[in-house]
Amino acid sequence: MQHQQREHQQRPLEGITVVSIEQAVAAPFATRQLADLGARVIKIERPGDGDFARRYDTTVHGHSSYFVWLNRSKESLTLDLKDERGQEILHQLLADADVFVQNLAPGAADRLGLGADALTARYPRLIPCTVSGYGTSGPWADRKAYDLLVQCQTGLVSLTGSADEAARVGVSVADISAGMYAYSGILTALFARATTGVARPVEVSLFEALAEWMSQPAYYTQHSGSQPPRVGTQHATIAPYGAYTASDGKDVLFSIQNEREWAALCQEFLGRPELIDDPRFATGSDRVAHRDALNAIVTERFARSDAADIMKVLEEIGVANAGVNSVAEFLDHPVLEGRDRWREVAVPGATVQALLPPADLAGLTARMDPVPAVGEHTDAILTALGRTPADLAALRADSVI
């Protein structure tokens, strides 16, 4: 796919080295974003199979869709960290690293001497980042946590789905939120180190990251006495706001955010100007309280036009709207094409189209380097650390690498 070449300037994190003992989604998402900005990310994997996310599926030219998404632009080094020689190599890397990220099982980092306190004492300039399920202290510190478990524990699943059935969110939101907070926390710690000279450890848990995202329904529940209801594609606290079916069977979602839009909807789309002053619908709270009656009016109007005509009218009167796309329709979205958001990225044995990182920095190109094979960079990294071919052969023979 053709795109304009920007003049290359040094990326913001070039010169920063990140060592990561990572698996699954949360920590790899954080470190991939650091790699996007130019950091060198050395991903430590188990000899043989590597990160278990490599085997979540085989849909992308034989590779996992999760792994391809999360691990471009990284170097893969295989190490057995239960072997003293593997630990020696790791600490040789940490001595010159800026950031260390890990999302090992509860207690594993401390058993390996890789807890934040131990690393800070040994390497004062190193920023350790711990990604856990429920925090490294507290009553649930020893519990394993996966994305859907955390969606359940934070109450998110109770808000998602229809009135009759709860549902998980269709992407890994607990992992993604934790990865985003780890990423921003690491950037903040790097800035603090640059301005104060102090390297501060970063800790993020999946539970506390998603708990932050639950703040609005938490406030609503605390102060109303009941939690927002599950209403499918409708909005729990705003009406009308949701998807309705047009005469051609296609769904269109629209949202009324203020009284100007409500008046325009009544006058220009519904053809019912008397509804503007109807006491059932006078305020946003009134419209939510009388959602069923309002939905009946909107549904009847939708049944008289096809989706394209409905979206055209809504756009003309300044009411936000969207078709309810499938993933395939999203892939062909005109915004992604028109804004040139796709780039080619290599995976072992093939190439894929990948989306640019969402945050554009003017004048800088995002790093979009290949997704590594397991242990692809092991020999090069260890040779740079002073290991000889004989050393590598011995380590490989003993399955240390």
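Now for a quick tour of the structure. (Residues numbered from 1 in each chain as written. Predicted model: local features only at pLDDT ≥ 70, side-chain atom pairs only at ≥ 80, totals over all residues. Heavy atoms only, no water.)

Reading across the sheet, the 3 strands line up as β7-β8-β9 and stay open at both edges, with antiparallel pairing between neighbours. The open sheet has two edge strands, β7 (241–245) and β9 (321–323), and neither has a second partner. Taken over all neighbouring pairs, the strand axes of this sheet differ in orientation by 25 degrees on average, direction set aside. Bridge count between strand β8 (residues 251–255) and β9: 3 bridges; the pairing is antiparallel. Note that in β9 the partner of Leu-253 across the bridge is Ala-322. Sheet contacts for helix α13 (residues 291–302): β7 and β8; angle to β7, the most-contacted strand, approximately 40 degrees. Sheet contacts for helix α14 (residues 307–316): β8 and β9; angle to β9, the most-contacted strand, approximately 160 degrees. (Pairing = 2+ DSSP bridges. Helix = DSSP H or I, 4+ residues; strand = E, 2+ residues; numbered from the N terminus. Axes fitted to C-alpha atoms, helices over the stretch in contact; angles between N-to-C directions. Contact = heavy atoms within 4.5 Å.)

Once that is clear, we can look at the packing of aromatic side chains. Describing an aromatic ring pair means giving the distance of the ring centres and the angle of the ring planes. According to the stated counting rule, one finds 10 aromatic pairs in the structure shown. Ring-pair connections join several aromatic residues into one group, and the members of that group are Tyr-244, Phe-254, Phe-269 and Phe-302. The side chain of Arg-143 reaches across the aromatic face of Trp-140, ending 3.7 Å from its centre. Lying over the aromatic face of Phe-269, Arg-301 brings its terminal NZ or CZ to 4.3 Å of the ring centre. (Phe/Tyr/Trp six-rings, centres within 6.5 Å; stacked < 30°, edge-to-face > 60°. Lys NZ or Arg CZ within 6 Å of the ring centre and 35° of its normal.)

When you line up the elements, Ala-380 lands in helix α17 (residues 378–384). Remark: the alpha-carbon pair of Ala-380 and Leu-77, spanning 303 residues in sequence, is separated by 9.2 Å.

Attention now goes to a nonpolar patch on the surface. Taken together, the side chains of Val-327, Phe-330, Leu-331 and Leu-355 make up a nonpolar region of the molecular surface, amounting to roughly 340 Å² of accessible area. Considering each element in turn, the nonpolar patch owes the most residues, 3 residues, to helix α15 (residues 327–331). With respect to the secondary-structure elements, Leu-331 resides in helix α15. Given the relative accessible area of 42%, Leu-331 is considered partly exposed. (Patch = residues over 30% accessible without salt bridge, like charges linked within 9 Å, V, L, I, M, F, W, Y side chains within 5 Å. Areas by Shrake-Rupley, 256 points an atom, 1.4 Å probe, with all protein chains shown as cover. Salt bridge = Lys/Arg side-chain N within 4 Å of Asp/Glu carboxyl O. Buried < 20%, exposed > 50% of the residue type's maximum accessible area, 1.4 Å probe, protein only.)

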